[in-house]
Amino acid sequence: MNIAKKIKSNVLVILMIIAYIITFIYKSDLVVVGLKNSLYYFKELIIIMPIVLILTALLDFWVPKKIIIKHLGKNAGIRGTFFSFMLGGISAGPIYAAFPICVLLLKKGASIRNVVIVLSSWAVIKVPMLVNEVAFLGPKFMLVRWVLTVFAILVLSYIASKLITEKDIAFESEQSTSVVFIDHTACMGCSLCTKNYPTLFEMYDNKVQVKKVHLTDINTKELNEMIEKCPTNAIHLEQ
Amino acid sequence: MDVFIVAIWVMTLFFAIFSLIKNKSGTKEVSKKAVGMGRGMIKNLIVIILLIGLVLAYFPPTQIATFIEKQNLYIATVVSAFFGTITIIPAFIAFPLVGNLVDAQVGIVPAVAFLTTLTMVGLVTFPLEKKSFGLKFAVTRNVLSFVFAILIALIMGVLL
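Residues numbered from 1 in each chain as written. Chains lettered and ligands numbered in written order. Predicted model: local features only at pLDDT ≥ 70, side-chain atom pairs only at ≥ 80, totals over all residues. Heavy atoms only, no water.

Q: When you look at the overall build of chain A in this model, what are you seeing that I'm missing?
A: In terms of regular secondary structure, chain A is built from 12 helices and 4 strands. Counting the 239 residues in chain A, one finds 45% classified as buried. Surface accessibility of chain A: about 12,900 Å² in total, with carbon and sulfur atoms responsible for 67%. (Helix = DSSP H or I, 4+ residues; strand = E, 2+ residues; numbered from the N terminus. Buried < 20%, exposed > 50% of the residue type's maximum accessible area, 1.4 Å probe, protein only. Areas by Shrake-Rupley, 256 points an atom, 1.4 Å probe, with all protein chains shown as cover.)

The following block contains the structure:
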């Protein structure tokens, strides 16, 4: 059971390792090429990710929910759309760099539509890219593509917002805002939870304590089951 | 490093220092949170990067471009859109390739399809997107982006 879970959460790692092993056996020279290719992306990762993460954390701390809802929320209207395009357009780095900041925006009340706009414009119409495009393909190509892409993003974000409800993304985003804590006056140290969910709970001084784990790794369904199973109702989940 | 990345770095450091002066303990929390988020992503990002490297080793973009140039319009468009879907390629490699495609007989439609799916649709980054936003969001966004990438390409073919 535990092994199955480990495999499931590392499926991509295993896939990658198998792919490299097979390549090594049949076309060993491609392994070197692959690693060399990866080098560029690692450089990009090191240059981009720290600032994106720091900016996201700063945004989380300093910008209140109210402001995000007002400017990027459901009722932000055309201004919200404009801000979303600006945010994506002035960005740097590949699309995955936009994920943490977009998750935060969603959590803070930005609408699905605006988050899709940020992600899409982050990917295809950012300013540094446009400069390159003019150099290689000419201003006319760039301008036509830019106009069409902006229009396409407007339409596709509208469709996406109709297809995706907040409930669809609540599962992963909600758990990262919640805090698990143990009511130590109620806990009698029965160790039921540490046995059933050793990744999250551990025994300390005959009481249970919550381990520090990254919240996206937590299985919310299992956690909720555990909360219900606890004989003294000592586990609490707070938003 | 281009000017934009430097500008964002400077801006971020400026904000961070400002934050530190205004609220020392809060900024400590901020840095902890940033590190925590990084930890949550780093494993997947490393795997994704190694996979992209391998995909590009099997299908070097220049070879794909030469292959596409020899096909008829429909096959060229489909192949380039799918190739763009699988991986992500930095702009400085993508634009010269797209430029070559446009100059070749094949024309503008496959080139634009390639360029748009390249950056907007990501099969390799899909697991991370799913983890961040949930399955439905990731599927919907990627499928819609693919469809619209083809549409943009077709319309550009008519216009230019």
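And the narrative resumes.
Q: Please explain the interface of chain A and chain B as it appears in this structure.
A: How large an interface is tends to be reported as the accessible area lost when its parts come together. With 78 residues of chain A at the interface, the matching set in chain B holds 74 residues. Of the roughly 7,000 Å² buried at the junction of chain A and chain B (both faces included), carbon and sulfur atoms supply 83%. Three residues stand out in chain A for area buried against chain B, namely Leu12(A), Tyr41(A) and Phe99(A), and they jointly supply 9% of the buried area on that side. Inspection of the chain A/chain B interface yields 1 salt bridge. The closest approach of N and O atoms between Asp60(A) and Lys33(B), which form a salt bridge, is 2.4 Å. Taken together, the connections running from chain A to chain B amount to 9 residue pairs in polar contact (both at pLDDT 80 or more). Elements with a contribution of two residues or more to the side of chain A that touches chain B: α2 (11–26), α3 (28–62), α6 (98–107), α7 (112–124), α8 (127–137), α9 (139–163) and α10 (166–175) of chain A. (Contact = heavy atoms within 4.5 Å. Buried area = accessible area lost by both parts, 1.4 Å probe. Salt bridge = Lys/Arg side-chain N within 4 Å of Asp/Glu carboxyl O. Polar contact = N/O pair within 3.5 Å; in protein donor to acceptor, adjacent residues only side chain to side chain.)

Q: Any chance you could explain the confidence of the model for chain A here in plain terms?
A: Close reading of the predicted structure is inappropriate where its pLDDT is low. Confidence along chain A averages 83 in pLDDT terms, with 90% of residues attaining 70 or more. Mean pLDDT in chain A bottoms out at α10(A), which sits at 58, and peaks at α9(A), which reaches 93. (pLDDT = per-residue confidence, 0-100.)

Q: Looking at this structure, I do not really get the nonpolar core. What am I missing?
A: Looking at soluble globular proteins, one finds that nonpolar side chains tend to be buried together. In this structure, Tyr96(A), Phe133(B) and Phe137(B) are the most contacted members of the largest nonpolar core, which totals 95 residues. The dominant element in this core, judged by the number of residues it contributes, is helix α2 (residues 24–58) of chain B, at 10 residues. Those residues within four positions of Tyr96(A) in sequence are excluded, and the remaining contacts are Tyr41(A), Glu44(A), Leu45(A), Met49(A), Met41(B), Leu45(B), Ile49(B), Ile88(B), Thr125(B) and Leu128(B). Of all hydrophobic cores here, the second largest spans 14 residues; its members include Ile182(A), Cys193(A), Leu200(A) and Ile227(A). (Core = buried A, V, L, I, M, F, W, Y, C linked by side-chain atoms within 4.5 Å.)

Q: What am I meant to see in α6(A) here?
A: An α-helix turns once per 3.6 residues; consequently, residues spaced three or four apart project the same way. Residues and elements named next belong to chain A. With 9 of its 10 residues buried, α6 lies for the most part within the structure. For α6, the full list of buried residues reads Ala98, Phe99, Pro100, Ile101, Cys102, Val103, Leu104, Leu105 and Leu106. Downstream of α6 by one or two residues, Gly109 has phi in the positive range, about 105 degrees.

Q: How should I be thinking about the packing of helix α7 (residues 126–133) of chain B against helix α8 (residues 135–159) of chain B in this particular structure?
A: Helix packing geometry: the angle between the two helix axes and the distance between the axes. Residues and elements named next belong to chain B. For the pair α7 and α8, interaxial distance at closest approach is 7 Å and the crossing angle is 130 degrees. As judged from the angle between their axes, α7 and α8 are oblique. Here α7 and α8 pass one another in a crossing that is right-handed. Two secondary-structure elements touch here, α7 through Phe126, Glu129, Lys130 and Phe133 and α8 through Leu135, Phe137, Ala138, Val139, Arg141 and Asn142. The residue makeup of the contact of α7 with α8, split by class, is 6 nonpolar, 1 polar and 3 charged. (Axes fitted to C-alpha atoms, helices over the stretch in contact; angles between N-to-C directions. Parallel < 35°, antiparallel > 145°, perpendicular 65-115°, else oblique. Left-handed = near helix turned anticlockwise from the far one by under 90°. Nonpolar A, V, L, I, M, F, W, Y, C, P; charged D, E, K, R; others polar.)

Q: Whenever I open this one, the pattern of salt bridges confuses me. Can you help?
A: Oppositely charged side chains can pair when the atoms bearing their charge come close. Residue and element names in this part refer to chain A. Counted according to the given criterion, the structure contains 5 salt bridges over all chains. In this structure, the salt-bridge partner of Lys108 is Asp60, at a minimum N-O distance of 3.7 Å. Pair noted here: Lys108 is in the loop between α6 and α7 and Asp60 is in helix α3, with a separation of 48 residues, a long-range link. For Glu133, the salt bridge identified is with Arg145, shortest N-O distance 2.7 Å.

Q: Hey, could you run me through a nonpolar patch on the surface in this one?
A: All names here are of chain A. Taken together, the side chains of Ile3, Ile7, Ile14, Ile17, Ile18, Ile21, Ile22, Phe24, Ile25 and Tyr26 make up a nonpolar region of the molecular surface, amounting to roughly 1,100 Å² of accessible area. Within the residue set of the nonpolar patch, elements represented by two or more residues are α1 (2–9) and α2. The dominant element in the nonpolar patch, judged by the number of residues it contributes, is α2, at 8 residues. In this structure, Phe24 sits in helix α2. (Patch = residues over 30% accessible without salt bridge, like charges linked within 9 Å, V, L, I, M, F, W, Y side chains within 5 Å.)

Q: Could you clarify how one ought to interpret the pairing of strand β2 (residues 201–204) of chain A in this entry?
A: The two faces of the sheet receive side chains in turn, since in a regular strand these alternate between them. Residues and elements named next belong to chain A. Bridge count between β2 and strand β3 (residues 207–210): 4 bridges; the pairing is antiparallel. Counted as the bridge partner of Tyr204 is Lys207 from β3. The hairpin formed by β2 and β3 contains 2 residues between the paired strands, and Asp205 there has a positive phi angle of roughly 60 degrees. (Pairing = 2+ DSSP bridges.)

Q: Got a minute to help me understand the side chain of Thr140(B) in this structure?
A: For Thr140(B), the location among the structural elements is in helix α8. Discounting residues that sit within four places of it in the chain, Thr140(B) has contacts with Ala160(A), Leu163(A) and Ile164(A).

Q: Please explain the packing of aromatic side chains as it appears in this structure.
A: Any two aromatic rings considered together are summarised by their centre-to-centre distance and by the angle between their planes. Inspection of the entire model under this criterion finds 8 aromatic pairs over all chains. Ring geometry for Phe99(A) against Phe133(B): centres 5.7 Å apart, planes inclined by 85 degrees, an arrangement best described as edge-to-face. Taken as a pair, Phe99(A) in helix α6 and Phe133(B) in helix α7 lie in two separate chains rather than in one. Across the pair, Phe133(B) and Phe99(A) agree in class, each one buried. For the pair Phe14(B) and Phe15(B), a centre-to-centre distance of 6.2 Å together with 55 degrees between the ring planes defines the contact as tilted. Linked through ring pairs, Phe99(A), Phe133(B) and Phe137(B) together constitute an aromatic cluster. (Phe/Tyr/Trp six-rings, centres within 6.5 Å; stacked < 30°, edge-to-face > 60°.)

Q: Can you help me understand α7(A) in this one?
A: The end-to-end C-alpha distance of α7(A), which contains 13 residues, comes to 18 Å, matching closely the 18 Å that a straight helix rising 1.5 Å per residue would cover. Looking at α7(A), one finds that the buried residues are Ile112(A), Asn114(A), Val115(A), Val116(A), Ile117(A), Val118(A), Leu119(A), Ser120(A), Ser121(A), Trp122(A), Ala123(A) and Val124(A). (Expected span 1.5 Å × (residues − 1).)

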